[in-house]
Amino acid sequence: MTIGLPAQEGVDVDCLAQLFRNCTQSYKFLFFRGILATLHKNSRDHIRFDELLAEMIVASWWPAVVSRLSIGNAADNDTLTALLHTVGDSLHEKLSMREVHELARFWVRRERSRGSLRYVPEALLSPWKKDVQHPPLYRVRSDGIELYESWHSYLVANLPIVSGWADSAWLAWMQARNPNVPVSMEKLCPPSRRMGLALERKFFLKAMSAMPLECIYTQELVGEGDLSLDHFLPRSFVGHDRIWNLVPVAKSINSAKGARLPRSEYLDRLVLVHHRVINAVLPAAGSADRTFLDQYCTDLRVPRAQLSDERVLCDAYRGVVLPMMAIAKRMGFPAGWP
């Protein structure tokens, strides 16, 4: 099948479409994504193994370390796991992708890249083994791979389409191996453009103008000049900025918490803050406010007429957030903060 992949004379796109068929490990995805990532930077037809391994580390670091998702059997591989650990953790969510690239390249220089990849380059070519009329994707060299001219031309000309197709396959594969948590592309790679929280900040400031709000962690009043919005459940776990998961805190508290999970007893304080905010905003809610109020209704399954009921809101939060906290803890997100 060639769904989503354009045809081109001289290449067998059907073979490319079968690239990830019956994949039991993540290495094929990571290796192919490494090829595409390298072509995005430089359209050379020869790609060294150390370049590919560095890109594979970067591609697996975000889902495995930042989002703490299972990346399949490759997670048990000593070499890849060790290299991911050398790059570092992201507990405070401050490590930039540029820094990850630099660390990956540094540690790959110490690694025998060809040995680390073992049989991955040959395994990726399995769809072409029975095709004698068309060249495979690349030929394997001692120090890397060399894309055949027809395939190099195809990939460069259709790079956005092929990348989107590969992303879709990678997302579906990762979701199948992480069935207990929704997987989005934001959990598999850094968003190309992170939206700010300006509108969410205005929502909370509107409530704060009617009454002061306390930080749920320190129980100190939060001032407008020091206002920061904390993701109660880490953003790297939920993958969104929905209003019900945000809470106003001091900037120093937000920075200290990072991607940690709060203790479960803080959930009641979270509910209390949102109950106060909802009741402060409801009487004169504008269009932007109604958008956020709808998020409580749809995500927490609270009827609009009962949004102001603290008991209903508390039950809704407990029904949604507590199971998510349990899943995040099993995934390895540090718990029990502060």
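Every value quoted in this text rests on a predicted model; they were computed, and no experiment measured them.

Draft legend 1. Broad picture of the overall build of the protein. Looking only at helices and strands, the protein has 16 helices and five strands in total. A burial count over the protein gives 48% of its 338 residues as buried. Carbon and sulfur atoms make up 51% of the accessible area of the protein, which totals about 16200 Å².

Draft legend 2. Quick peek at the packing of helix 2 (residues 27-41) against helix 9 (residues 159-177). One can describe the packing of helix 2 onto helix 9 by two numbers: an axis separation of 11 Å at closest approach and a directional angle of 155 degrees. Classified by the angle between their axes, helix 2 and helix 9 sit roughly antiparallel to one another. In this structure, helix 2 crosses over helix 9, and the sense of that crossing is left-handed. In this structure, helix 2 contributes Phe 29, Leu 30, Phe 32, Arg 33, Leu 36, Leu 39 and His 40 to the contact, and helix 9 contributes Leu 159, Val 162, Ser 163, Trp 165, Ala 166, Asp 167, Ala 169, Trp 170 and Trp 173. Looking at the contact of helix 2 with helix 9, its residues break down into twelve nonpolar, two polar and two charged.

Draft legend 3. A look at the side chain of Glu 51. Topologically, Glu 51 is positioned in helix 3 (residues 49-66). Accessibility expressed as a relative area gives 18% for Glu 51, which makes it buried. Setting aside chain neighbours within four positions, we find Glu 51 in contact with Thr 38 and Arg 44.

Draft legend 4. The sheet that holds strand 1 (residues 46-48), seen in detail. Read from one edge of the open sheet, three strands run 1-3-2, paired in antiparallel fashion. Unpaired on one side and paired on the other, strand 1 and strand 2 (138-140) mark the two borders of the sheet. Put simply, the sheet's adjacent strands are angled 20 degrees from each other on average, direction ignored. Sheet topology places strand 2 next to strand 3 (residues 144-147); three bridges connect them, and they run antiparallel. When the sheet's bridge partners are listed, Arg 139 is paired in strand 3 with Glu 146. In this fold helix 2 packs onto strand 1, strand 2 and strand 3, with an angle of close to 65 degrees to the strand it touches most, strand 3.

Draft legend 5. Molecular detail of helix 2. Between its terminal C-alpha atoms helix 2 stretches 21 Å, which fits the 21 Å expected from 15 residues at 1.5 Å a residue. In terms of residue burial, helix 2 counts as a mostly covered element, since twelve of its 15 residues are buried. Regarding helix 2, the residues found buried are Tyr 27, Lys 28, Phe 29, Leu 30, Phe 31, Phe 32, Arg 33, Gly 34, Ile 35, Leu 36, Thr 38 and Leu 39.

Conventions and cut-offs
Residues numbered from 1 in each chain as written. Predicted model: local features only at pLDDT ≥ 70, side-chain atom pairs only at ≥ 80, totals over all residues. Heavy atoms only, no water. Helix = DSSP H or I, 4+ residues; strand = E, 2+ residues; numbered from the N terminus. Buried < 20%, exposed > 50% of the residue type's maximum accessible area, 1.4 Å probe, protein only. Areas by Shrake-Rupley, 256 points an atom, 1.4 Å probe, with all protein chains shown as cover. Axes fitted to C-alpha atoms, helices over the stretch in contact; angles between N-to-C directions. Parallel < 35°, antiparallel > 145°, perpendicular 65-115°, else oblique. Left-handed = near helix turned anticlockwise from the far one by under 90°. Contact = heavy atoms within 4.5 Å. Nonpolar A, V, L, I, M, F, W, Y, C, P; charged D, E, K, R; others polar. Pairing = 2+ DSSP bridges. Expected span 1.5 Å × (residues − 1).

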